[in-house]
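Residue strings, one per chain:
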Amino acid sequence: MNAVSAAAAPFDAERVRADFPILAQQVNGRPLVYLDSAASGQRPLAVLRAVERYETHCHSNVHRGVHALSQAATEAFEGARERARRFLNARSTREIVFVRGTTEAINLVAQSFARPRLGPGDEILITGLEHHANIVPWQMVCAQSGCALKVAPIDRRGEVELERLLELLTARTRLVAVAHVSNALGTILPVKRIVEAAHSCGALVLLDGAQAVPHTAVDVRALGCDFYAFSGHKLYGPTGIGVLYGREELLEEMPPWQGGGDMIRTVTFEKSTYNELPWKFEAGTPNISGAVGLAAAMDYLESLGIEAVAAHEQRLLALATGELERIPGLEIIGTAAHKASVLSFTLRGCHPHDLGTILDTEGVAIRTGHHCAMPVMSFFDIPATARASFGCYNTEADVRALVAALGKAREVFG
Amino acid sequence: MDLKDLYRDVILDHNRQPRNFGALTGADAQADGHNPLCGDRLTVWVQLDGDRVTDIRFEGKGCAISTASASLMTEAVKGKDKAAIQALYEQVHALLTQHNAEADASLGKLAALGGVSEFPSRVKCATLCWHTLNAALERSAAAVTTE
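Cut-offs used in this document
- Residues numbered from 1 in each chain as written.
- Chains lettered and ligands numbered in written order.
- Predicted model: local features only at pLDDT ≥ 70, side-chain atom pairs only at ≥ 80, totals over all residues.
- Heavy atoms only, no water.
- Helix = DSSP H or I, 4+ residues; strand = E, 2+ residues; numbered from the N terminus.
- Rg over C-alpha atoms; globule rule 2.2 N^0.38 Å.
- Buried < 20%, exposed > 50% of the residue type's maximum accessible area, 1.4 Å probe, protein only.
- Contact = heavy atoms within 4.5 Å.
- Areas by Shrake-Rupley, 256 points an atom, 1.4 Å probe, with all protein chains shown as cover.
- Lys, Arg positive; Asp, Glu negative; His and termini not counted.
- Charge placed at Lys NZ, Arg CZ, Asp CG, Glu CD.
- pLDDT = per-residue confidence, 0-100.
- Pairing = 2+ DSSP bridges.
- Axes fitted to C-alpha atoms, helices over the stretch in contact; angles between N-to-C directions.
- Polar contact = N/O pair within 3.5 Å; in protein donor to acceptor, adjacent residues only side chain to side chain.
- Buried area = accessible area lost by both parts, 1.4 Å probe.
- Salt bridge = Lys/Arg side-chain N within 4 Å of Asp/Glu carboxyl O.
- Disulfide = S-S within 2.5 Å.
- Phe/Tyr/Trp six-rings, centres within 6.5 Å; stacked < 30°, edge-to-face > 60°.

J.: When you look at the overall build of chain B in this model, what are you seeing that I'm missing?
T.: In terms of helices and strands, chain B carries five helices and three strands. For chain B, the sequential pattern of α-helices and β-strands runs α-α-β-β-β-α-α-α. Since a compact globule built from 147 residues should have a radius of gyration of about 15 Å, the 15 Å found for chain B is in line with a globular shape. With the principal axes as the frame, chain B shows a C-alpha extent of 50 × 30 × 25 Å.

So, in structure tokens, the structure goes:
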């Protein structure tokens with residue numbers, strides 16, 4: 001998109017908002033101001049209707065069935081896989097594994113890729129910004145295989161210290177697992193640079209894209225990553241569905257993770273042979289309607305234009321950052337040069353938990369707590385933050401409501 | 001839901017100036033409490049004469065409800081024996097979890113926590129200190145039996 005066409009079609013957040021029926025309600029007698037999309041996005045009508053249409057007209061179990069509904073369900077499910085392939089610009093649908101979400105995707109790579117091939121002397125490198133889902137699975141692999149976990153530190157702005165990360169990348173590093181965007185602070189990591197550096201050391205790279213996919217077009221081939229994981233519900237799709245992208249050569253070599261139906265070719269009591277990619281990694285009946293909803297969410301987001309959405313969110317982030325910086329006693333946690341639309345903060349004299357309750361009584365929904373990133377909280381020596389995050393449906397009025405509600409909190413705790 | 005009902009003046013006061021705050025040296029027992037959901041942490045120290053709490057202090061980081069509840073608890077349990085503390089906790093728990101529960105006059109200042117019942121996500125903030133006190137008292141009992 002060039003500048004002229006972007007200027008010609010200004011982003012109409014009010015119209016986008018009307019696509020999300022849940023946002024039309026009142027909470028505690030106030031219009032809902034939903035600023036928690038980093039935890040879970042809401043679903044547009046297009047997604048709700050796609051799921052309803054599937055459930056009303058197409059549902060049966062996928063694969064193997066010869067009757068009409070089973071074929072319709074299989075087409076819908078495999079069509080969603082092709083949609084996800086296009087979304088990520090993967091080479092083949094063989095590289096698109098449906099999972100429950102980012103957490104399951106990372107555990108799959110941990111158990112099926114890392115555990116069998118890593119051992120004492122090998123290292124997995126992560127960063128100090130990671131969500132627990134990109135820490136704990138690797139700790140489990142370390143305990144199982146004897147390999148070691150290394151952590152690249154972050155600085156006071158909430159950016160990864162790239163020089164330190166590069167120093168920690170050595171011949172011992174077998175896998176680098178980093179967030180594309182930090183969930184707690186919004187920091188956008190220089191993932192292309194990290195991928196290049198890791199590959200030059202012979203290490204493979206997994207990107208946790210849970211917080212990135214709603215804000216940026218992801219091209220796994222341009223990024224050069226080996227694995228990419230994300231969840232549907234952060235992308236305005238359903239919960240319980242996500243995608244693991246893996247390079248085909250890697251997935252091919254990996255043993256299945258879970259055994260069961262659908263992931264096999266033949267079974268005897270002596271020996272079973274496994275299905276081909278990607279079904280080798282999809283034991284049991286999958287979340288078919290979830291995949292259908294996810295595909296509809298991708299259609300929806302691309303119809304808005306991910307760049308246009310991101311530009312809109314950046315305007316809101318800049319506006320909110322400026323407004324919050326003016327509030328006495330308010331400290332923004334995470335001030336990286338490149339951030340997604342996540343604003344983490346503390347207010348002196350008012351614990352984030354109290355802040356969350358007060359804002360809720362004003363109809364403003366934010367997240368409070370450690371955001372499944374306790375090491376980030378420890379780094380800043382705080383127990384928790386309040387976090388407002390902006391999605392495609394948020395407006396300047398939402399930012400004003402947040403600021404007004406923070407004023408209320410200061411009144412109560414003044 | 002009325003915010004003023006949750007953040008009553010007594011709560012705000014005890015949050016700003018928690019009573020019996022800071023370590024108790026030479027305590028007979030102590031325990032740490034942690035609410036991983038919100039990151040609240042506190043330590044409770046008790047001095048005992050047999051079954052009776054003669055002194056109690058606490059320290060920690062938490063939200064206003066958690067801090068005020070701990071502060072009010074330390075004032076309320078000082079001088080009480082374990083059975084009386086257990087009975088008091090049951091009264092507080094009912095106050096925190098039952099909608100429109102009438103605060104019994106015997107609760108004293110603890111009645112200020114009555115607004116919490118309208119905010120179910122905050123009940124654990126208010127009970128953390130009681131669970132921690134209970135752990136400290138059990139620990140002291142365990143220590144007695146091993147001697």
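Additional details are given in the paragraphs that follow.
J.: Help me understand the overall build of chain A, please; the structure alone is not making it clear to me.
T.: Across its full length, chain A holds 15 helices and 17 strands. Its C-alpha atoms give chain A a radius of gyration of 22 Å, near enough to 22 Å, the size a compact globule of 414 residues would have. Going through the 414 residues of chain A one by one, you find that 57% of them count as buried. Intrachain contacts of chain A at a sequence separation of at least 6 include 71% that bridge at least 24 residues. Per element, the accessible surface of chain A, about 16600 Å² overall, is 53% carbon and sulfur. On chain A, the mean spot of the 39 positive side-chain charges and the mean spot of the 45 negative ones are 1 Å from each other.

J.: Even after reading the chapter, I still don't get the confidence of the model for chain A, so can you show me in this structure?
T.: Regions with low pLDDT should not have their predicted coordinates read in detail. The share of residues in chain A with pLDDT of 70 or more is 98%, and the mean pLDDT across the chain is 96. The model gives residues 1–8 of chain A a pLDDT under 50, and that stretch makes one contact with residues more than four places away or in other chains.

J.: Is there a simple way to explain the sheet that holds strand β14 (residues 342–347) of chain A in this structure?
T.: Each strand in a sheet pairs with another by means of backbone hydrogen bonds, the pair being arranged parallel or else antiparallel. Residue and element names in this part refer to chain A. Reading across the sheet, the four strands line up as β13-β14-β17-β16 and stay open at both edges, with antiparallel pairing between neighbours. The open sheet has two free edges, formed respectively by β13 (330–333) and β16 (367–369), since each of these has just one partner strand. Between one strand and the next, the sheet's axes are offset by a mean angle of 30 degrees, whatever the strand orientation. Both β14 and strand β17 (residues 385–389) contribute to a ladder of four bridges, which runs antiparallel. Bridge pairing in β17 places valine 342 opposite serine 389. Contacts from helix α12 (residues 306–325) reach β13 and β14, with the element oriented near 10 degrees to β14.

J.: I tried to follow the sheet that holds strand β1 (residues 29–35) of chain B on my own but got confused; where do I start?
T.: All names here are of chain B. As summarised here, the arrangement of the three strands in space is β1-β2-β3, forming an open sheet in which the pairing is antiparallel. Pairing within the sheet leaves two strands with one partner each, and these edge strands are β1 and β3 (52–61). Along the sheet, successive strands turn relative to each other by an average axial angle of 20 degrees, direction set aside. Both strand β2 (residues 40–49) and β3 contribute to a ladder of nine bridges, which runs antiparallel. Looking at the pairing, glutamine 47 lines up with aspartate 55 of β3. Along the sheet, helix α3 (residues 64–77) contacts β2 and β3; its crossing angle with β3, the most-contacted strand, is approximately 165 degrees.

J.: Before we go on, may I ask you to explain the side chain of A:His180 in this structure?
T.: Residue and element names in this part refer to chain A. Examined against the element boundaries, histidine 180 turns out to sit in the loop between β7 (173–179) and α8 (191–200). At 2.8 Å, the side chain of histidine 180 forms a polar contact with the side chain of tyrosine 228. Leaving out residues up to four positions away in the same chain, histidine 180 has contacts with Thr187, Ile188, Leu189, Val191, Asp208, Gly209, Ala212, Thr216, Val218, Leu223 and Tyr228.

J.: When you look at the interface of chain B and chain A in this model, what are you seeing that I'm missing?
T.: Accessible area lost when the parts come together is the quantity often used to give the size of an interface. Taken together, the 21 residues of chain B in the interface contact 19 residues of chain A. Here chain B meets chain A over a buried area of about 1400 Å², counting both sides, of which 60% is carbon and sulfur. Between chain B and chain A we count one salt bridge in total. Put simply, B:Arg122 and A:Asp354 hold a salt bridge, and the shortest N to O gap is 2.8 Å. Across the chain B-chain A interface, the total number found is six residue pairs in polar contact (both at pLDDT 80 or more).

J.: How do you make sense of the environment of A:Glu331 when you look at a structure like this?
T.: Residues and elements named next belong to chain A. The residue glutamate 331 is located in strand β13 in this model. Between the alpha carbons of glutamate 331 and leucine 48 there is a distance of 38 Å; along the sequence they are 283 residues apart. When residues no more than four places from it in sequence are discounted, the contact partners of glutamate 331 are Ser344, Phe345 and Thr346.

J.: Even after reading the chapter, I still don't get the state of the cysteines, so can you show me in this structure?
T.: Chemically, a disulfide is nothing more than a covalent bond linking the sulfur atoms of two cysteines. All names here are of chain B. In total, this model carries zero disulfides over all chains according to the counting rule given. Looking at the unpaired cysteine 125, the closest cysteine sulfur is the one in cysteine 63, lying at 3.8 Å. On the basis of relative accessibility, which here comes to 1%, the residue cysteine 125 falls in the buried class. Cysteine 129 takes part in no disulfide bond, and the closest cysteine sulfur, belonging to cysteine 63, lies 10 Å away.

J.: Is there a simple way to think about the packing of aromatic side chains in this case?
T.: Residue and element names in this part refer to chain A. Applying the stated criterion to the full structure yields 12 aromatic pairs over all chains. Geometrically, the ring pair formed by phenylalanine 379 and phenylalanine 380 is edge-to-face, given 5.0 Å between the ring centres and 90 degrees between the ring planes. By relative accessible area, which is 30% here, phenylalanine 379 ends up partly exposed. On the accessibility criterion, phenylalanine 380 (9% relative accessible area) is buried. Within the aromatic cluster, the residues linked to one another by ring pairs are Phe20, Tyr34, Tyr236, Tyr300 and Tyr393.

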